[in-house]
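For reference, the chains in residue letters:
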Amino acid sequence: MKRYKKRWGLLLITTLFLSGIVWAQETSETLTSCLNKNYPDYVILLSDKKIDSVFYYANTSIAPVIFKVNKYKLYPNKQLESIADILRRIQQDTIIRLSHVWVGGSASPEGPPSWNYRLGEYRSRALADFLLQETGIPESKLKVENLCEDWYSFEVALKNGAQIPNKSKVLDILAKETDNERRKKQIKALDGGYTWQRIIQDVFPPFRNARIAIVCLEKQFPLPPVSKNLQVAEFRMPDLNPAAPFPLQPSQQEKWVIAIKSNLLFVAALTANLGIEISPFSHWSFDLPVWYSPYNITPERKLRLLAVQPEIRWWSKEAMKGHFIGLHTHVAGFNVAINDHGRYQDPNHALWGMGISYGYAVDIGKMKRWTLECNIGAGFAEFDYDVYRNWKNGPKFRSGSDWYWGITRGGVSISYKWYKQRKR
């Protein structure tokens, strides 16, 4: 008798379990059908556990708002009114609830990279501000991203059938070359620039856009008691791309970089020095080294300095990494004796001058906090001087002024960097 009771119990549990699965599937299908029927495909339904997977979407479920060339101002139109209406409806929906609205702004790849970066920022912010004003959505519900130059969508468009001259050569360049500026140069070099002009005219216009994806969550429905561990099947859009669709590169575009540094060549010359370098933009930085040496090396040899040499730098790759060129100026007070002939001292008139420099920096370690930098520069300096006999209390025997042309900057520096998120 006990055996029959156990069998009936197992049969009953199995039946209820299968019923729970069927109920969950029907509920998920109902939600999916309701969503597809009432909303466009840029409204995405996800579960709480998969909320970040919206960023894996490639070409589906993203509604573009197209801008004119080099423009970022939004003008009222039916598309924007439709997006605002959809968002207002979702906030009142009783079946789904709003998680967040993802907004991304991009520029087509022609034009200077610095301006394209600003265009992406301005366009994403313009669409975000429109939604805030027209729908009353809290700003905490917005996730705004600057997508910069949209090379990803350009490559996808070519693979999906867009026709241009030298299409296979362009795809080969995109596959082999990762640096965007070198890509442009190589494509422009094809058939005297004709291919590049056709791309600008026929392919790039849709990429001057801001994009939106409205991410919603499933509302929880009670399940039968025996199937508490069951979850409603997740709604998934077809053909997801598991790779992140846009090269966001936050380390280049979303952060300040601040470095504390010291020039090892001056340390070897027993001259204390410390510098700070700040990068507020992706390709620019400001370097400010200070040298101070208040003591004598020996009674007859001294290198007393108090000097600063601010420099503005432009980096070819990203700030504080790779090659750079700089424009510097220098101001220094000095009291120097390097031989037995005399001791040179500034007569309360500091040395000054300007120059240009070249350098290269490379990160050390996996965390990319430490950097080794080498640089050399040339320019001019103007200075007045008094010359004293190089012994204790030696008398002054000559004064003068002069100009110097030659090496004005050089060093091997070690630095430590901090990264600070840039406010939008």
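As the structure is a computational prediction, the values presented were derived from the model and not from experiment.

## Here we look at the overall build of the chain
Each helix and strand in the chain was counted, giving nine helices and 15 strands. Here the chain holds 424 residues, and 42% of them are scored as buried. When contacts within the chain are restricted to residue pairs at least 6 apart in sequence, long-range pairs at least 24 apart make up 68% of them. If you sum the accessible surface of the chain, you get close to 24000 Å²; carbon and sulfur atoms cover 60% of it.

## Digging into the packing of aromatic side chains
Throughout the structure, instances matching the rule amount to 14 aromatic pairs. Aromatic side chains Trp 151 and Phe 154 sit 6.1 Å apart centroid to centroid with 65° between the ring planes, which places their arrangement in the edge-to-face category. Placement of the pair is Trp 151 and Phe 154 together in helix H4 (residues 151–159), with a separation of three residues, close to one helical turn. With respect to class, Trp 151 is no different from Phe 154; both count as buried. Seen in terms of ring centroids, Phe 380 and Trp 405 are 5.3 Å apart; in terms of plane orientation they differ by 40°. Their pairing is tilted. One end of the pair, Phe 380, is in strand S14 (residues 370–388); the other, Trp 405, is in strand S15 (residues 396–421), and 25 residues separate them in sequence. Under the relative-accessibility criterion, Trp 405 is labelled exposed at 64%. Here a set of aromatic residues connected by ring pairs shows up, and it is made of Trp 151, Phe 154, Trp 196 and Phe 204.

## Quick notes on a nonpolar patch on the surface
A cluster of nonpolar side chains, Phe 281, Trp 284, Phe 286, Ile 312, Trp 314, Ile 325, Tyr 358, Tyr 360, Val 362, Ile 364, Trp 370 and Leu 372, forms an exposed patch at the surface whose accessible area comes to about 1200 Å². Residue contributions to the nonpolar patch peak at four residues, all from strand S13 (residues 351–364). Along the polypeptide, Ile 312 turns up in strand S10 (residues 311–315). The exposure class of Ile 312 is partly exposed, given its relative accessible area of 47%.

## Things to note about the pairing of S10
When a strand is regular, its side chains alternate between the sheet's two faces. Taking every second residue as pointing to the same face, the buried face of S10 carries Glu 311, Arg 313 and Trp 315, while none of Ile 312 and Trp 314 on the other face is buried. Note: S10 against strand S11 (residues 322–337), five bridges, orientation antiparallel. The residue of S11 that forms the bridge with Arg 313 is Gly 326. Taken together, S10 and the strand that follows it, S11, pair antiparallel across an intervening segment of six residues, in which Met 320 is found at a positive phi of about 65°.

## What about helix H7 (residues 194–202)?
Along H7, the residues classified as buried are Thr 195, Trp 196 and Ile 199. Take H7 and look down its axis: the buried residues cluster within an arc of 100°, on one side only. Contacts from the buried residues of H7 go to H4, helix H5 (167–176) and helix H6 (180–188).

## Some words on the environment of Asp 346
Its location among the elements puts Asp 346 in the loop between strand S12 (343–345) and S13. C-alpha separation for the pair Asp 346 and Val 387, spaced 41 residues apart in sequence, amounts to 9.0 Å. Within polar-contact distance, the side chain of Asp 346 engages the backbone nitrogen of Phe 334 at 2.8 Å.

## As for the nonpolar core
Generally speaking, nonpolar side chains in soluble globular proteins are found buried as a group. Val 101, Leu 127, Leu 131 and Ile 214 are the most contacted members of the largest nonpolar core, which has 29 residues in total. Sort the elements by how many residues they give to this core and helix H2 (residues 78–91) lands first, with six residues. Once residues within four sequence positions are removed from consideration, Val 101 is found in contact with Leu 87, Leu 131, Ile 137, Lys 141, Leu 142, Lys 143, Ile 212, Ala 213 and Ile 214. Listed in part, the 14 residues of the second largest apolar core include Ile 164, Ile 187, Phe 204 and Phe 207.

## Considering the environment of Leu 303
In this fold, Leu 303 is placed in strand S9 (residues 302–308). Overall, the relative accessible area of 23% leaves Leu 303 in the partly exposed class.

## Things to note about the side chain of Gln 309
Inspection of the secondary structure puts Gln 309 in the loop between S9 and S10. Since its relative accessible area comes to 3%, Gln 309 is described here as buried. Here Thr 408 takes part through its backbone oxygen, which lies 2.9 Å from a polar atom of the side chain of Gln 309. Looking at Gln 309, its side chain comes within polar contact range of the side chain of Arg 409, at 3.1 Å. Among all residues touching Gln 309, those that are not within four sequence positions of it are Asp 287, Pro 289, Trp 291, His 328, Thr 329, His 330, Thr 408 and Arg 409.

Conventions we followed
Residues numbered from 1 in each chain as written. Predicted model: local features only at pLDDT ≥ 70, side-chain atom pairs only at ≥ 80, totals over all residues. Heavy atoms only, no water. Helix = DSSP H or I, 4+ residues; strand = E, 2+ residues; numbered from the N terminus. Buried < 20%, exposed > 50% of the residue type's maximum accessible area, 1.4 Å probe, protein only. Contact = heavy atoms within 4.5 Å. Areas by Shrake-Rupley, 256 points an atom, 1.4 Å probe, with all protein chains shown as cover. Phe/Tyr/Trp six-rings, centres within 6.5 Å; stacked < 30°, edge-to-face > 60°. Patch = residues over 30% accessible without salt bridge, like charges linked within 9 Å, V, L, I, M, F, W, Y side chains within 5 Å. Salt bridge = Lys/Arg side-chain N within 4 Å of Asp/Glu carboxyl O. Pairing = 2+ DSSP bridges. Arc of directions from axis to C-beta. Polar contact = N/O pair within 3.5 Å; in protein donor to acceptor, adjacent residues only side chain to side chain. Core = buried A, V, L, I, M, F, W, Y, C linked by side-chain atoms within 4.5 Å.

Honestly, it's all geometry; don't read function into it.
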